[in-house]
Amino acid sequence: MSPDPQRPVTAFGPDFPFPFDEWISHPAGLGRVPADRLGAEVAVVGAGIAGLVAAYELMRLGLRPVVYESSHLGGRLRSQPFEGADGIVAELGGMRFPRSSTAFHHYVDLLGLHTEPFPNPLTPASGSTVIDLHGRTYYATELADLPPFFTEVADAWAAALEQRAGFTAIQEAIRARDTGTLKRLWDELVPQWDDRTFYDFVATSTPFAELSFAHREAFGQVGFGTGGWDSDFPNSMLEILRVVTTACDEDQLLVVGGVEQVPQGLWRRAPDGLAHWPAGTSLSLLHGGGTRPGVARIHRVAPDAIRVTDVYGGVRDFPAVLTTCQGWLLSTQIETDESLFSQELWMAIDRTRYMQSTKTFVMVDRPFWRDTDPMTGRDVMSMTLTDRLTRSTYLFDNGPDRPGVICLSYSWMSDSLKMLPYPVEKRVELALRALREVYPGVDIAGHVIGDPITVTWESDPHSLGAFKGALPGHYRYNRRMYCHFMQDDLPPAERGIFLAGDDVSWTPAWAEGAVQTALNAVWGIVHHLDGACDAGNPGPGDRFAELAPLALPD
């Protein structure tokens, strides 16, 4: 296929270049199960986006998903309303969704939800951006407004990607959905960059080596695309290459009214053309309005039966079980029999490394940051990137006559751990103190209304972290988890239990990865129950031999 520059970059591969967006929108549907399997129960552990996409699609195929949830329907797509305000929310988990995430946006569109550009730095949606670095403050509406130093940083990053990773050629192959070229190019990069860190890639690249340490430091603090990425410097460079080649770091959208509407909508939606179930059936209806409680134990009781015990002692046996919770919970919160997974897979699950993340939000009386400073002619406040405690501050404008929302601080790793011991009031105090240094004449606190909202994902017992951040050498672990939905070659004792979620995917932190692994699991479960895809719409397992991620030698 010849590259088409007009075709968009999507999250097509690069590790497993299967067209998930085309598969789920094909008129033939995702497949069928034998008549004697219609109505069969399948356990889905976790009601995040992965669990609900899988449950929704399994229901459409005529199976009966039984969804278990220990905490919050929606998982880390959590939109918490501010008290007393109509439709004003704090996005505690995922909040920006690349346009390239076409499988995820399939469900956004299916539910009729509206999206708008996310107010990232130096984008029209933010209006203006302030970079505060080393005690100096720079105001800009576009990159050209900043001193040449920052353009040098951006140019060095672009040049390093081109010289060391063949960035343009990979994106052209993704645009064209040229699987042969994409696999050839990507499979060459896997052994080169699996064992090396993001920082190594930057520091040893010729474009950055020709610049100063200050350029690398600024790159880590204020970064490229969505902000500073120094918290990712220890990660495998492959993880970063996946993000940038699939355009996850640019052209991002928010879901108006809160992204939690996606999982909640799938829970309540009654799709057309259901197999087996009468018209009007929804996941909510099948469950009597609420999910099953959290899961306490998973173990096999017969060759074709896996028993799920909930936290209140309820017991059900299933021919197939899908776990979508973060993997560590399978060895800490849920008593999961070791025999269900190989020791190699347990190694991959337990070695998964999760990143920390904290957000703190306040609601304000109006989007006052749109006011113009009469002395400077500039916005009185801007989307802010800084090396201070807050790191990133985002401004959400819900309209001139409605309250606005400020994400005072969005921080990662060690910056998140600094907040861990403190209550929300102390977090707000620390953030406002830092922002007063950037905006000494702006009374941010005077605009705050209602109670603040905060989250630290590593302290959530049902999450234990925000999302996976693969370290060097973790490619093999990731491959074991991602490919587990292909079970024909597994011992019988390890079949029938499936994994999904963004930590199983190649793109942790992105809802698209959770959706894609959920769809892999749907194929695996249907196959396990002797079902199949339509010949005109083969699924990920049908094309696995052709598209499988590169296997590195042990």
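Treat the numbers as computed from the prediction; the structure is a model and nothing was measured.

## Section: the overall build of the chain
- Helices and strands together make up the secondary structure of the chain, namely 19 helices and 22 strands.
- Relative to the compact-globule value of 24 Å for 554 residues, the chain shows a C-alpha radius of gyration of 24 Å, a close match.
- Taken over the C-alpha atoms alone, the chain extends approximately 75 × 55 × 40 Å along its principal axes.
- Burial analysis of the chain (554 residues in total) assigns 57% to the buried set.

## Digging into the sheet that holds strand β18 (residues 392-396)
- Strand order in the open sheet formed by seven strands is β8-β7-β17-β18-β19-β16-β20, and the pairing between neighbours is mixed. Across the chains shown, the open sheet's two edge strands, defined by having one partner strand only, are β8 (136-140) and β20 (448-456). On average, each strand axis in the sheet is inclined to that of its neighbour by 15°, with strand direction left out of account.
- Two strands pair when backbone bridges link them, and strand β7 (residues 129-133) and β8 are joined in this way by five bridges, in the antiparallel orientation. Looking at β8, one finds that valine 130 is bridged to tyrosine 139.

## Focus on the side chain of asparagine 520
- Considering the arrangement of structural elements, one finds asparagine 520 in helix α18 (residues 511-528).
- Side chain to side chain, asparagine 520 and tyrosine 482 meet in a polar contact 3.2 Å long.

## So, helix α11 (residues 261-268)
- Taken together, the buried positions of α11 are occupied by Val262, Pro263, Gly265, Leu266 and Trp267.
- Buried-residue contacts for α11 involve α2 (49-60), β2 (64-68), α3 (102-110) and α12 (283-286).

## Quick word on the sheet that holds strand β9 (residues 252-255)
- Strand order in the open sheet formed by three strands is β5-β9-β6, with antiparallel pairing between adjacent strands. With partners counted over all chains shown, the strands left at the sheet margins are β5 (97-98) and β6 (115-117), one partner each.
- For β5 and β9, the ladder comprises two bridges, and the chain directions are antiparallel. Residue pairing for β9: proline 98 is matched across the bridge by glutamine 252.

## Some thoughts on the packing of aromatic side chains
- A complete count under the given rule lists 32 aromatic pairs for this structure.
- Measuring from centroid to centroid gives 5.6 Å for phenylalanine 368 and tryptophan 369, while their planes differ by 65°, and the two rings are edge-to-face. Across the pair, tryptophan 369 and phenylalanine 368 agree in class, each one buried.
- Among the aromatic residues, those joined into a cluster by ring pairs are Phe16, Phe18, Phe20, Trp23, Tyr475, Tyr482, Phe485, Trp506, Trp523 and Phe544.
- Sitting over the ring of phenylalanine 201, arginine 164 keeps its end group 5.5 Å from the ring centre.

## Let's talk about the environment of leucine 73
- Along the chain, leucine 73 turns up in the loop between β2 and β3 (79-81).
- Classification of leucine 73 as buried rests on a relative accessible area of 15%.
- Separated by 193 residues in the primary sequence, leucine 73 and leucine 266 place their C-alpha atoms 11 Å from one another.
- Those residues within four positions of leucine 73 in sequence are excluded, and the remaining contacts are Ala47, Leu52, Glu260, Pro263, Gln264, Trp267 and Thr291.

## Regarding the side chain of threonine 390
- Residue placement: threonine 390 occurs in the loop between β17 (383-386) and β18.
- Leave out the neighbours within four places in its chain, and threonine 390 touches Leu408, Ser409, Tyr410, Ala431, Ala434 and Leu435.

## Quick look at the pairing of strand β12 (residues 315-318)
- In the sheet, strand β11 (residues 305-310) pairs with β12 via four bridges, with the strands oriented antiparallel. Looking at the pairing, arginine 307 lines up with aspartate 317 of β12.
- Between β11 and β12, which pair antiparallel and follow one another directly, the connecting turn spans four residues, one of which, glycine 313, has a positive phi of 95°.

Rules and cut-offs
- Residues numbered from 1 in each chain as written.
- Predicted model: local features only at pLDDT ≥ 70, side-chain atom pairs only at ≥ 80, totals over all residues.
- Heavy atoms only, no water.
- Helix = DSSP H or I, 4+ residues; strand = E, 2+ residues; numbered from the N terminus.
- Rg over C-alpha atoms; globule rule 2.2 N^0.38 Å.
- Buried < 20%, exposed > 50% of the residue type's maximum accessible area, 1.4 Å probe, protein only.
- Pairing = 2+ DSSP bridges.
- Axes fitted to C-alpha atoms, helices over the stretch in contact; angles between N-to-C directions.
- Polar contact = N/O pair within 3.5 Å; in protein donor to acceptor, adjacent residues only side chain to side chain.
- Contact = heavy atoms within 4.5 Å.
- Phe/Tyr/Trp six-rings, centres within 6.5 Å; stacked < 30°, edge-to-face > 60°.
- Lys NZ or Arg CZ within 6 Å of the ring centre and 35° of its normal.

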